There are 2 protein chains.
Amino acid sequence: MRISELAGAAGVSVATLKYYQREGLLPPARKVAARLAEYDDTHLRRLRLLRVLREVGEVPVERLRSLVEAVEDADASVHDVFGVACDALHGAPPEPGPDLRAIADALIEQGGWDRVRADSPDRDHLAALVGAIFDLGAGQDEAAQKGAATYLRLVDELARFEIGAFADPDEADRDVLVERMVVGQVVYGELLLVLRRIAEEHYSAQRFGD
Amino acid sequence: MRISELAGAAGVSVATLKYYQREGLLPPARKVAARLAEYDDTHLRRLRLLRVLREVGEVPVERLRSLVEAVEDADASVHDVFGVACDALHGAPPEPGPDLRAIADALIEQGGWDRVRADSPDRDHLAALVGAIFDLGAGQDEAAQKGAATYLRLVDELARFEIGAFADPDEADRDVLVERMVVGQVVYGELLLVLRRIAEEHYSAQRFGD
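The structure contained in this document is the topic of the report that follows. Model, not experiment: these values are computed from the prediction.

### So, the interface of chain B and chain A
Contacts between the two partners involve 77 residues from chain B and, on the opposite side, 77 residues from chain A. Summing both sides of the interface, chain B and chain A together bury roughly 7400 Å²; the carbon and sulfur share of this comes to 69%. Summed over the shared surface of chain B and chain A, the number is eight salt bridges. Connecting chain B to chain A are 32 residue pairs in polar contact (both at pLDDT 80 or more). Looking at the side of chain B that touches chain A, the elements with two or more residues in it are helix H3 (41–55), helix H5 (78–90), helix H7 (121–135), helix H8 (142–166) and helix H9 (174–208) of chain B. Of the residues forming the side of chain B that touches chain A, the biggest block, 28 residues, is contributed by H9 of chain B.

Following this line, the structure appears as structure tokens:
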């Protein structure tokens, strides 16, 4: 397809498309004549991925670059790319104190998530949040300890469901799977937060509204 | 307490504290002498609230102002303030098409959340996300319809659990409850996303890692 068709199909302007090209975020087009470039589904998929990450995930362009590098590394497995993509999307966490990090690691173990990389930055993200919750004077009494088990179980159920829903078991194309996983992470992450706010408005009204 | 003690207890610098004062985000101090101001738990609570919203929620200062106005309106119930706070935290959504909005309303009904305001901006946020998911060619087949029921049930369970955990049933102080609810929304929202990423890394490794 031509550049204008590609832009239309992906829902971006031609100017945005050219900007992504200059930034090296799109694979090169196939030259069919001196001034005529031909685009295909690879470009469309990449463009939709970039659009969602920018619009829904509000990912800055610098971070899109490391994501694109991971996607373009043909030797990386779906899982490898997914890990790199998640890291790129969320930036580097602050370094936590050893005590908080130990608590974060224990929570991950309690969740049963033993396949998480030992050097996943999300371990430090989690430690920082545990610190923020402790600073607020919450999260350390017996009720909180009990609550943690319920909470981890709910998150586990949710994550298992989502990974199953993102990745069609019949889909063999690595690039399609990567797109589904990364976009799923971002879009369904937003969806989760919005639905949670809606449900909490409901329960807040039930509890405090009358 | 003195200004330096207050800043230390809240974990912010004196400069930040003075900045919030100039921006009208803190209640006035009690003047105990010409050049001596005395602060109390009200200030500490407000400052901790502002700090969490800025640091964890990355809420811009303009939006903090509408939040503070809601918190300071003594006639507003906990639920009223919670609603205003949630709206202030998340900005105005784009106006969705009527079809998407109808789908969003139907999802909220399917979730059983009948206490959600008819004019809650989250209805439009949800509609926009449904649109983004449809644009990706997802969310419209039979499997997705079935999945929605599972997903809504999980979110419902999560929200019910969180509202119960945020608000101690014995707590009668409106301002304390408001702080817990708003901070809970933001901090536990981040916690949810981080734990979900961690759990999804685990399930992605199980599925694609070998």
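### Regarding the packing of helix H9 (residues 174–208) of chain A against H5 of chain B
The contact between H9 of chain A and H5 of chain B brings their axes to 9 Å, and the two run at 165°. The orientation of H9 of chain A relative to H5 of chain B falls into the category roughly antiparallel. Of the two elements, H9 of chain A crosses H5 of chain B, and the hand of that crossing is left-handed. Contacts between H9 of chain A and H5 of chain B involve Arg197, Glu200, Glu201, Ser204, Ala205 and Phe208 of chain A from the first element and Val78, His79, Phe82, Cys86 and His90 of chain B from the second. When its residues are assigned to classes, the contact of H9 of chain A with H5 of chain B shows five nonpolar, three polar and three charged.

### Here we look at the pairing of strand E1 (residues 30–33) of chain A
Residue and element names in this part refer to chain A. As paired strands, E1 and strand E2 (residues 36–38) are joined by three bridges and run antiparallel to one another. From the neighbouring strand, Arg30 faces E2, where its bridge partner is Glu38. Between E1 and E2, which pair antiparallel in sequence order, lie two residues.

### As for the pattern of salt bridges
All names here are of chain B. Counted by the stated rule, this structure contains 30 salt bridges over all chains. Glu23 is the salt-bridge partner of Arg65, the closest N and O atoms lying 2.4 Å from each other. Of the two residues, Arg65 is situated in helix H4 (residues 61–72) and Glu23 in the loop between helix H2 (14–22) and strand E1 (30–33); the sequence distance between them amounts to 42 residues. Note on Arg65: relative accessible area 32%, which makes it partly exposed. Residue Glu23 is classed as partly exposed on the basis of its relative accessible area, which comes to 27%. With a shortest N-O distance of 3.9 Å, Glu179 and Arg48 are connected by a salt bridge. Of this pair, Glu179 sits in helix H9 while Arg48 sits in helix H3, and the two are 131 residues apart along the sequence. Classification of Glu179 by relative accessible area gives buried; the value is 8%.

### Thoughts on the nonpolar core
With 136 residues, the main nonpolar core has Leu53, Trp113 and Leu126 of chain A together with Leu53, Trp113 and Leu126 of chain B as its most contacted residues. Those residues in contact with Leu53 of chain B that sit more than four places away from it in its chain are Glu58, Val59, Leu64, Leu67, Leu89, Val182 and Val186 of chain B.

### Concerning the packing of aromatic side chains
Summed over all chains, the structure comprises four aromatic pairs over all chains. Measuring from ring centre to ring centre gives 5.9 Å for Tyr151 of chain A and Phe161 of chain B, while their planes differ by 35°; the resulting arrangement is tilted. Placement of the pair is Tyr151 of chain A in helix H8 (residues 142–166) and Phe161 of chain B in helix H8, with the two residues belonging to separate chains. A residue is classified by how much of its surface remains accessible, and Tyr151 of chain A, at 6% relative accessible area, is buried.

### Details of the relation of the copies chain B and chain A
Between chain B and chain A, which share one sequence, the superposing operator has a rotation angle of 180° and an axial displacement of 0.0 Å; the RMSD is 0.0 Å. In symmetry terms, the pair is related by a two-fold rotation axis. Identified as the residue of chain B closest to the rotation axis by C-alpha distance is Leu154 of chain B, at 3.5 Å. Both copies present the same face, since 100% of the interface residues in chain B are matched by interface residues at the equivalent positions in chain A.

Each value, and the rule that gives it
Residues numbered from 1 in each chain as written. Chains lettered and ligands numbered in written order. Predicted model: local features only at pLDDT ≥ 70, side-chain atom pairs only at ≥ 80, totals over all residues. Heavy atoms only, no water. Contact = heavy atoms within 4.5 Å. Buried area = accessible area lost by both parts, 1.4 Å probe. Salt bridge = Lys/Arg side-chain N within 4 Å of Asp/Glu carboxyl O. Polar contact = N/O pair within 3.5 Å; in protein donor to acceptor, adjacent residues only side chain to side chain. Helix = DSSP H or I, 4+ residues; strand = E, 2+ residues; numbered from the N terminus. Axes fitted to C-alpha atoms, helices over the stretch in contact; angles between N-to-C directions. Parallel < 35°, antiparallel > 145°, perpendicular 65-115°, else oblique. Left-handed = near helix turned anticlockwise from the far one by under 90°. Nonpolar A, V, L, I, M, F, W, Y, C, P; charged D, E, K, R; others polar. Pairing = 2+ DSSP bridges. Buried < 20%, exposed > 50% of the residue type's maximum accessible area, 1.4 Å probe, protein only. Core = buried A, V, L, I, M, F, W, Y, C linked by side-chain atoms within 4.5 Å. Phe/Tyr/Trp six-rings, centres within 6.5 Å; stacked < 30°, edge-to-face > 60°. Least-squares fit on C-alpha atoms with pLDDT ≥ 70 in both.

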